[in-house]
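Below, each chain spelled out in residue letters.
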Amino acid sequence: MGADRERNEHGQYTDRIPPEAALTVFEDRSDYGRPLTADDVMDALECSRRTAHNKLNELVDRGTLETRKVGARGRVWWIPIETPPERGQPEVASPAGERAEGDESPAAIETAIRTADLPGTGQSLEARRDALRAAYEYIVDHPSATKSEFLEHVYPDHPAEFETAEGWWNAIQPALKELPAVDPPEERGHIWNFLGDDRFTPTLG
């Protein structure tokens, strides 16, 4: 067993690398505000991509880092820097346009839907945003829902130009998991949960 465990060039078992080691990669650099990729951390810790992802995700779970998708398959991580609003001035969105954590206001949800990573352009893209909006409304009304329930109750009315339910789900579910208060299932899990206020009803569109 021990012979199969991954080591870095210093002889350390990479599964014993603490998440704090990944955090030092963010701290030991000149451009403190630049987000990093898993490759950056992988190169610095001399570990596998999977190990780098695991350490980064642990730091996200702790609230030490934040993350977001970029492009079709990329993802970046960064240390959040909070800037309080000036006294007497209303709080404004950050330059990156990030919504506040836990913000479930209709405006924040609509912004998240409009900026979601969905395939297509023009009318196709608008149809897929409508489908994502309908899927979100469904999970708000049904806070514990399964994939089959989305396909049964949302897809028929909002096919969004997809010929199959599976193709529709493959496009919608990655965007759905990024929306406010949506808790996607763990690996091999089936239940999608809504963690927001159950009295909240979105008024979108």
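It should be emphasised that the depicted structure is a prediction, and the values quoted were computed from it without experimental measurement.

## A word on the pairing of strand β5 (residues 191–194)
- With burial as the criterion, only one face of β5 is covered, namely that bearing W192 and F194; the residues I191 and N193 on the opposite face remain uncovered.
- Where strand β3 (residues 144–146) meets β5, three bridges bridge the pair, whose relative direction is antiparallel. Counterpart to A145 in the pairing with β5 is W192.
- In this sheet, β5 lies alongside strand β4 (residues 182–183) in antiparallel orientation, the contact comprising two bridges. Looking at β5, one finds that V182 is bridged to F194.

## Here we look at the environment of A165
- Looking at the secondary structure, you find A165 in helix α7 (residues 165–176).
- Along the chain, A165 and L151 lie 14 residues apart, while their C-alpha atoms are 6.3 Å from each other.
- Setting aside chain neighbours within four positions, we find A165 in contact with L151 and Y155.

## Quick look at unusual backbone geometry
- With a phi angle near 55°, E46 is a residue other than glycine that sits in the positive phi range.
- On the secondary structure map, E46 appears in the loop between α2 (38–45) and α3 (49–62).
- The backbone of A181 shows a phi angle near 70°, a positive value even though the residue is not glycine.
- Position of A181 relative to the elements: it lies in the loop between α7 and β4.
- For A181, a relative accessible area of 21% translates into the label partly exposed.

## Digging into a negative patch on the surface
- A grouping of E58, D61, E186 and E187 is seen on the molecular surface, where their side chains present a negatively charged patch.
- Among the structural elements, D61 can be located in helix α3.
- On the basis of relative accessible area, D61 is assigned to the exposed category, the value being 68%.

## What to know about the sheet that holds β5
- With antiparallel pairing, the three strands of this open sheet are ordered in space as β3-β5-β4. Here the strands that pair on one side only, and so sit at the sheet edges, are β3 and β4.
- Sheet strands touched by helix α5 (residues 122–141): β3, β4 and β5. Its angle to β5, the strand with the most contacts, is close to 80°.

## As for the nonpolar core
- Core analysis: the largest hydrophobic core is formed by 31 residues, its most contacted members being L132, Y136, F150, W168, L176 and L179.
- Looking at this core, the elements with two or more residues in it are α4 (106–114), α5, α6 (147–153), α7 and β5.
- Ranked by residues supplied to this core, first place goes to α5 with nine residues.
- Excluding anything up to four places from it in sequence, L176 contacts L132, A135, Y136, F150, V182 and W192.
- Among the nonpolar cores identified, the runner-up in size contains 18 residues, and F26, A38, L56 and L65 belong to it.

Quick notes on the rules
Here, residues in each chain are numbered from 1, in the same order as that chain's written sequence. At least 70 in pLDDT is required for a residue's local features to be given in this predicted model, at least 80 for side-chain atom pairs to be given and counted, and no such filter applies to totals for whole chains, interfaces and linings, which use all residues. Values reported for side chains reflect all heavy atoms of the structure, with hydrogen atoms and water molecules removed beforehand. Per-residue accessibility, obtained with a 1.4 Å probe over protein chains only, is compared with the maximum for each type, and a residue is labelled buried under 20%, exposed over 50%, and partly exposed between these values. By definition, any uninterrupted DSSP run of H or I lasting at least four residues is a helix, any uninterrupted run of E lasting at least two residues is a strand, and each is numbered from the N terminus. Strand pairing is assigned whenever DSSP detects at least two bridges linking the two strands. Contacts are assigned to residue pairs that have any heavy atoms within 4.5 Å of one another. For patch building, the residue pool is restricted to those with more than 30% relative accessible area and no salt bridge; the joining distance is 9 Å between like charges and 5 Å between nonpolar side chains (Val, Leu, Ile, Met, Phe, Trp, Tyr). Where accessible areas are quoted, they stem from the Shrake-Rupley method and a 1.4 Å probe; at the residue level, only the protein chains shown are allowed to cover. A side-chain nitrogen of Lys or Arg and a carboxyl oxygen of Asp or Glu constitute a salt bridge if their distance falls within 4 Å. By the counting scheme adopted, Arg and Lys are positive, Glu and Asp are negative, and His together with the chain ends is not counted. A charge is said to be at NZ when it belongs to Lys, at CZ for Arg, at CG for Asp and at CD for Glu. Between N-to-C directions, angles cover 0 to 180 degrees, with each direction set by a line fitted to C-alpha atoms, over the stretch in contact for helices. By nonpolar core we mean a set of buried residues, namely Ala, Val, Leu, Ile, Met, Phe, Trp, Tyr and Cys, connected to one another through side-chain atoms within 4.5 Å.

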